[in-house]
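Descriptive analysis of the structure
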Amino acid sequence: MGADLLGLFEAHGLMPKKESGTSWGAPCPACGGNDRCTIKPADHDGRGGYFCRRCNVYGDAIQFLRDYDGMSYAEACQHL
């Protein structure tokens, strides 16, 4: 599994597409809404950040691993 946020989205079948120079769009991992989730890989000191415009879920790569891979905070940090 990829350790960067774009890789995490891809590993979950949520294929990000480039929207602009610094952001990508993808289906939301929480609500499944198509292209509602904005991903900014350089945010949060390189951990990346994501935000869904519909369900308001947000986080970084650590939160993604905690929410969608069931890892603890320590496990997610070690994985990244």
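Please refer to the structure placed before this passage.
Please read these numbers as outputs of a predicted model, since none were measured by experiment.

What counts, and where the lines are drawn
- Residues numbered from 1 in each chain as written.
- Predicted model: local features only at pLDDT ≥ 70, side-chain atom pairs only at ≥ 80, totals over all residues.
- Heavy atoms only, no water.
- Helix = DSSP H or I, 4+ residues; strand = E, 2+ residues; numbered from the N terminus.
- Rg over C-alpha atoms; globule rule 2.2 N^0.38 Å.
- Buried < 20%, exposed > 50% of the residue type's maximum accessible area, 1.4 Å probe, protein only.
- Contact = heavy atoms within 4.5 Å.
- Areas by Shrake-Rupley, 256 points an atom, 1.4 Å probe, with all protein chains shown as cover.
- Lys, Arg positive; Asp, Glu negative; His and termini not counted.
- Charge placed at Lys NZ, Arg CZ, Asp CG, Glu CD.
- Pairing = 2+ DSSP bridges.
- Axes fitted to C-alpha atoms, helices over the stretch in contact; angles between N-to-C directions.

1. Observations concerning the overall build of the chain
Summing up its helical and strand segments, the chain has 3 helices and 5 strands in all. Secondary structure elements in the chain, listed N-terminal to C-terminal, are α-β-β-β-β-β-α-α. For 80 residues, the compact-globule formula gives about 12 Å, and the C-alpha radius of gyration of the chain, at 11 Å, lands near that figure. Here the C-alpha coordinates of the chain stretch approximately 30 × 25 × 20 Å along the principal axes. Split into buried and exposed, the 80 residues of the chain put 38% on the buried side. Long-range contacts, defined here as pairs at least 24 residues apart, represent 25% of the contacts in the chain between residues at least 6 apart. Surface summary for the chain: the accessible area is close to 4,500 Å², and the carbon and sulfur share equals 47%. Both charge centroids of the chain, one from 8 positive and one from 10 negative side chains, sit 8 Å from each other.

2. Describing the pairing of strand E3 (residues 37-40)
Pairing of strand E2 (residues 24-26) with E3 involves 3 bridges; the strand directions are antiparallel. Paired with Gly25 across the two strands is Thr38, which belongs to E3. Looking at chain direction, E3 and strand E4 (residues 49-52) are connected through 4 bridges and run antiparallel. Across the sheet, Cys37 pairs through a bridge with Cys52, a residue of E4.

3. Some words on the sheet that holds E4
Two modes of strand pairing occur in sheets, parallel and antiparallel, and in both the strands are linked by backbone hydrogen bonds. Here we have 5 strands laid out as an open sheet, ordered E1-E2-E3-E4-E5, and antiparallel in their pairing. Looking at the sheet topology across the chains shown, the edges are occupied by strand E1 (17-18) and strand E5 (58-60). Here helix H2 (residues 61-68) sits on the sheet in contact with E4 and E5, set at roughly 110° to E5.

The values reported here are purely geometric and, on their own, carry no functional implication.
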